Amino acid sequence: MTTSILYGRPPLVFDPPGAATQTSPQIPGSTALESLADGSVETAMVYAPPGVLERRYALAQALRALQVGGRLDVMAAKDKGGSRLKKELEAFGLEVGETAKAHHRRCVVIKTGSETGLDAAIAAGAIQAVEGLEAWSQAGVFAWDRIDAGSAQLAAHMPALKGAGADLGCGYGALATVVLRSEAVTSLRLIDLDRRAVEAARKNVEDARASFEWADVRTLEAAGDLDFIVSNPPFHDGGAEDRRLGQAFIKKAAEMLKKGGVLWLVGNRHLPYEAELNAAFKRVTPAGDGGGYKLFEATK
């Protein structure tokens, strides 16, 4: 039996348990919440995600895994779903104790075994074939139920690529699908921090040249052996904008590329990527600018 599970990284003010099994899909190497047997957990602490479907899915999965009499301790920033937590837990038929602390709402419930609506919440937030997208995806993955406009622009401007490459922050595989239309591509590594994205990409990109990695791009080993990299890097970390993420992706791309290798990158227009690109690459060419996005071709 797993004694205690943790989902995400709650602020230290909430005393997250040190010995708990981590189950967040955005922490590489963690245990999948879905893999835990029904009633196999004594206590669960969930740092609830901001998206409604994703949050209700995580809460329902944690409640499913808890034994009857087990305690669920859940918190979220007030403006990122915290103010809705109590109501959402009550909708599962639970009695909720609520407190406020450090701009967060915290709710504690005890599983009774007579909860309702867990299966529906799990079905709504599970990996699924998204209507109109013609792709598998899951709530919580970046742009999970739509074609991201930045990725669409990059796909439209990129030439046919060739050789060995990588898609850094691959999401559910939209950009990779376009890259692999070129027969001159010999291999493509799809890498993402989110296990759900990697699992969706694996279902969407059925190509022997593709390989899939659940990893933090920032800590990847870099061999300097790739011909090309494509990337629509993230710029939010834990819900807050963090410009250093994209800048770290650029540095890592330069380390992973061989001399003469090329990076195709899209970013929101307000993000300051030019200095990092110019420092890490020999030649940087703006490749398009429109709809709030800017594209770059950078050659090492």
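Residues numbered from 1 in each chain as written. Predicted model: local features only at pLDDT ≥ 70, side-chain atom pairs only at ≥ 80, totals over all residues. Heavy atoms only, no water.

S.K.: Is there a simple way to explain the pairing of strand β16 (residues 283-290) in this structure?
M.R.: Both faces of the sheet carry side chains from a regular strand, because those side chains alternate between them. One ladder, built from 7 bridges, connects β16 with strand β17 (residues 293-299); its direction is antiparallel. Bridging from a neighbouring strand, T285 pairs with E297 of β17. What sits between the antiparallel neighbours β16 and β17 is a turn of 2 residues, in which G291 has the positive phi angle 60°. (Pairing = 2+ DSSP bridges. Helix = DSSP H or I, 4+ residues; strand = E, 2+ residues; numbered from the N terminus.)

S.K.: How should the environment of L89 be read in this particular structure?
M.R.: Along the polypeptide, L89 turns up in helix α2 (residues 85-91). Distance from L89 to R56, taken between C-alpha atoms, is 8.6 Å for residues 33 residues apart in sequence. Filtering out sequence-adjacent residues up to four positions away, L89 remains in contact with L59, L72, V74, L94, V96, C107 and V109. (Contact = heavy atoms within 4.5 Å.)

S.K.: Any chance you could explain the pattern of salt bridges here in plain terms?
M.R.: In a structure, side chains of opposite charge can pair up when their charged atoms sit close to one another. A full pass over the atoms with the stated rule returns 16 salt bridges. Put simply, E98 and R105 hold a salt bridge, and the shortest N to O gap is 3.8 Å. By relative accessible area, E98 is classed as partly exposed at 33%. Overall, the relative accessible area of 24% leaves R105 in the partly exposed class. Of the charged contacts, one joins K258 and D227 as a salt bridge, the two residues approaching to 3.1 Å between their closest N and O atoms. Of this pair, K258 sits in strand β15 (residues 257-268) while D227 sits in strand β12 (residues 226-231), and the two are 31 residues apart along the sequence. You can call K258 partly exposed: its relative accessible area is 35%. Given the relative accessible area of 25%, D227 is considered partly exposed. One continuous salt-bridge network, built from bridges that share partners, spans E34, R195 and E199. (Salt bridge = Lys/Arg side-chain N within 4 Å of Asp/Glu carboxyl O. Buried < 20%, exposed > 50% of the residue type's maximum accessible area, 1.4 Å probe, protein only.)

By themselves, these observations are geometric and do not establish any function.
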